Amino acid sequence: MPQLPVLIIGAGVAGLSAASHLRAAGIEYLIVEASARIGGRARTVMLGSDAFDLGASWLHDAARNPLVALAREDHATIIDSDAVRTRRVLIGQTPATASELANRAAAWERFDQTASAAPRDIALASAIDSLRADPWTASIEAWEACQIAAADPRDFSVVDWRINALEGQNLALQGGIGAFVERSLGRRAGPVHLGVPVRAIDWRDGITAKTDHGSIKASACIVTVSTAALSRIALTPSLPISTEGLPMGTLTKIALRASGAERLGLRPDESVTARIERDEPMMSCIAWPGGADHAVIFIGGPPAQALSREGEAATLDFVRTRLRHWFGNTADKAFGETIVSNWSEDEWHGGSYAYARPGHAGDRAILGAPLADGRLIIAGEATATDGLAGTVAGAWNEGKRAAATVQAALSRRA
Ligand SMILES: Cc1cc2nc3c(=O)[nH]c(=O)nc-3n(C[C@H](O)[C@H](O)[C@H](O)COP(=O)(O)OP(=O)(O)OC[C@H]3O[C@@H](n4cnc5c(N)ncnc54)[C@H](O)[C@@H]3O)c2cc1C
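Quick summary incoming for the structure in this document. (Residues numbered from 1 in each chain as written. Predicted model: local features only at pLDDT ≥ 70, side-chain atom pairs only at ≥ 80, totals over all residues. Heavy atoms only, no water.)

**Quick word on the site of the ligand**
In the region of the ligand, 37 residues are neighbours, and A14, E33, R41, W58 and V392 sit closest. Taking W58, its main chain carries an N or O atom lying 2.8 Å from a nitrogen atom of the ligand. Between the ligand and G390 there is a distance of 3.4 Å, counted from an oxygen atom to a backbone nitrogen or oxygen. Taken by itself the ligand offers 1,000 Å² of open surface, and the protein chains cover 98% of this. Within the residue set of the shell around the ligand, elements represented by two or more residues are α1 (13-24), β15 (251-258) and α14 (392-413). Within the shell around the ligand, the residues separate by chemical class into 20 nonpolar, 13 polar and four charged. (Near = heavy atom within 4 Å. Polar contact = N/O pair within 3.5 Å; in protein donor to acceptor, adjacent residues only side chain to side chain. Areas by Shrake-Rupley, 256 points an atom, 1.4 Å probe, with all protein chains shown as cover. Helix = DSSP H or I, 4+ residues; strand = E, 2+ residues; numbered from the N terminus. Nonpolar A, V, L, I, M, F, W, Y, C, P; charged D, E, K, R; others polar.)

**Here's the deal with α1**
Look at α1: 16 Å from first C-alpha to last across 12 residues, which is about the 16 Å you get at 1.5 Å a residue. Most of α1 sits out of view: nine of its 12 residues are buried. By the burial criterion, the buried members of α1 are V13, A14, G15, L16, S17, A18, A19, S20 and L22. Of the residues trailing α1, G26 is marked for its positive phi of about 75 degrees. (Expected span 1.5 Å × (residues − 1). Buried < 20%, exposed > 50% of the residue type's maximum accessible area, 1.4 Å probe, protein only.)

**Quick notes on the sheet that holds strand β16 (residues 270-274)**
Pairing is mixed in the open sheet, where seven strands are placed in the order β7-β6-β16-β17-β18-β15-β19. Strands at the two margins of the open sheet, each flanked by one partner only, are β7 (94-95) and β19 (335-340). Together, β6 (86-91), β15, β16, β17 (284-286), β18 (294-300) and β19 form the strand contacts of helix α11 (residues 312-327), whose direction differs from that of β19 by roughly 135 degrees. (Pairing = 2+ DSSP bridges. Contact = heavy atoms within 4.5 Å. Axes fitted to C-alpha atoms, helices over the stretch in contact; angles between N-to-C directions.)

**Let's talk about the side chain of H294**
Relative to the helices and strands, H294 is located in strand β18. Here H294 falls in the buried class, since its relative accessible area comes to 2%. With residues up to four places along the chain from it excluded, the contact list for H294 reads L47, D50, A51, F52, A255, L256, R257, A258, A287, W288 and P289.

**Some remarks on the nonpolar core**
Grouped together as the largest cluster of nonpolar side chains are 40 residues, with contacts concentrated most on V6, I8, L185 and I222. Elements with a minimum of two residues in this core: β1 (3-9), α1, β2 (29-33), α2 (66-73), β8 (171-173), α8 (177-189), β12 (214-223) and α14. For this core, the leading source of residues is α14, giving seven residues. Setting aside chain neighbours within four positions, we find I8 in contact with G15, A18, A19, L22, Y29, L30, I31, V32, I222 and T224. Membership of the second largest hydrophobic core comes to 30 residues, among which are W203, L235, M248 and L376. (Core = buried A, V, L, I, M, F, W, Y, C linked by side-chain atoms within 4.5 Å.)

**Describing the pairing of β1**
With five of seven residues buried, β1 is to be regarded as a mostly interior element. By the bridge criterion, six bridges tie β1 to β12 in an arrangement that is parallel. Looking across to β12, one finds that L7 is bridged to C221. In terms of strand pairing, β1 meets β2 through four bridges, oriented parallel. By the bridge assignment for β2, V6 is matched with Y29. Regarding topology, α1 serves as the crossover connection from β1 to the parallel β2, and that connection is right-handed. (Right-handed = clockwise from strand over helix to strand, strands pointing away.)

**Examining the environment of L30**
For L30, the location among the structural elements is in strand β2. With 183 residues separating them in the primary sequence, L30 and H213 have C-alpha atoms 14 Å apart. Those residues in contact with L30 that lie beyond four places of it in its chain are L4, V6, L7, I8, H193 and I216.

Next up, the structure:
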């Protein structure tokens, strides 16, 4: 069995980044990918003539997002999502008034201050318990935990929330982030061996990875799969830390194609949310993004997880009932064809992105720490410690870090 310098497992953003950086350093590598496509949780599909991102759709925190420079280099058309966005916040079926919105903004301020002041790494829900009497608290909690972090607020580390609270400008790419990753990052990374799932890694003496198509021997290995996918790979010896402190949360995205002329009075890029009670499922909607012919619905956290288990019909039923509640029966006429993401039930991802459980905010760093003198490294959105965990930017930075670590380890051995 010939021995390769570096094996990269997974061709999502982190794997493609590791490959691009090794390639630039002139180090030989092989990337294997379990599924039939590259990009992982960055995936664009078409709905009619519209591009729809089933996974990542924004380049968050643009000022320090490394993919913004790559998009510019490749002349991608960049859309300033924040500049085009308008917001409608409903209380029941009625848009909140200016004074209600001011109360909401003040409640958000108190939420941030109270959660940030938590003395220990407790659950976000516990950290803001003193604010329960405020009518906006449940909605802010669901937004921060479920819609943004895909997490359960009762099981979500307040320290992890604080470290990874995304600031700054959000950009989108014309044609979709998934398409950009496949085209631009794929070109930088070079050829990928598709349909090659890794089932086991023995890292006792060099690296031996068992795949469905035989074993691969390598001097070093970069593993970029999600924490759920990692827990299914048999490692010998096992990793110093389990992935239980970093479970995969669920964020479900649904595209609803506009049917005929009915637009529910929503402007392009208008976002809609409603005030909710504690434990009521939250749903948000962005109408006709960039003038497209569809609306995008988001459901995150435990409600999304439960609906994902029940399946697509249950998810769509929930969405249609909620839209009818917001807009009346005309909502039924407004939408035709649909696409529903289901990352939790996808065997190669097992969820949308990882969040840390209370007391486990430090697990990202431990999981990503180099093993075997830098010859084995776990790297992906879940191991990002730069405040960009759960994003394509964090995944890209982790792929770069892993490539540099492995390069240093190989040069020590040479
Ligand atoms: C619904 C949703 C919305 C999101 N929105 C945003 C957003 O707007 N902005 C943002 O920045 N981020 C967003 N994200 C997060 C972002 O998509 C991820 O953080 C990022 O794509 C993760 O990249 P990765 O390389 O770490 O992992 P992955 O993309 O999971 O790549 C890992 C690869 O490994 C493969 N694999 C798994 N198991 C094996 C195995 N045993 N053998 C070989 N290969 C294997 C997988 O098929 C996959 O291709 C979103 C994610 C989801 C799901």
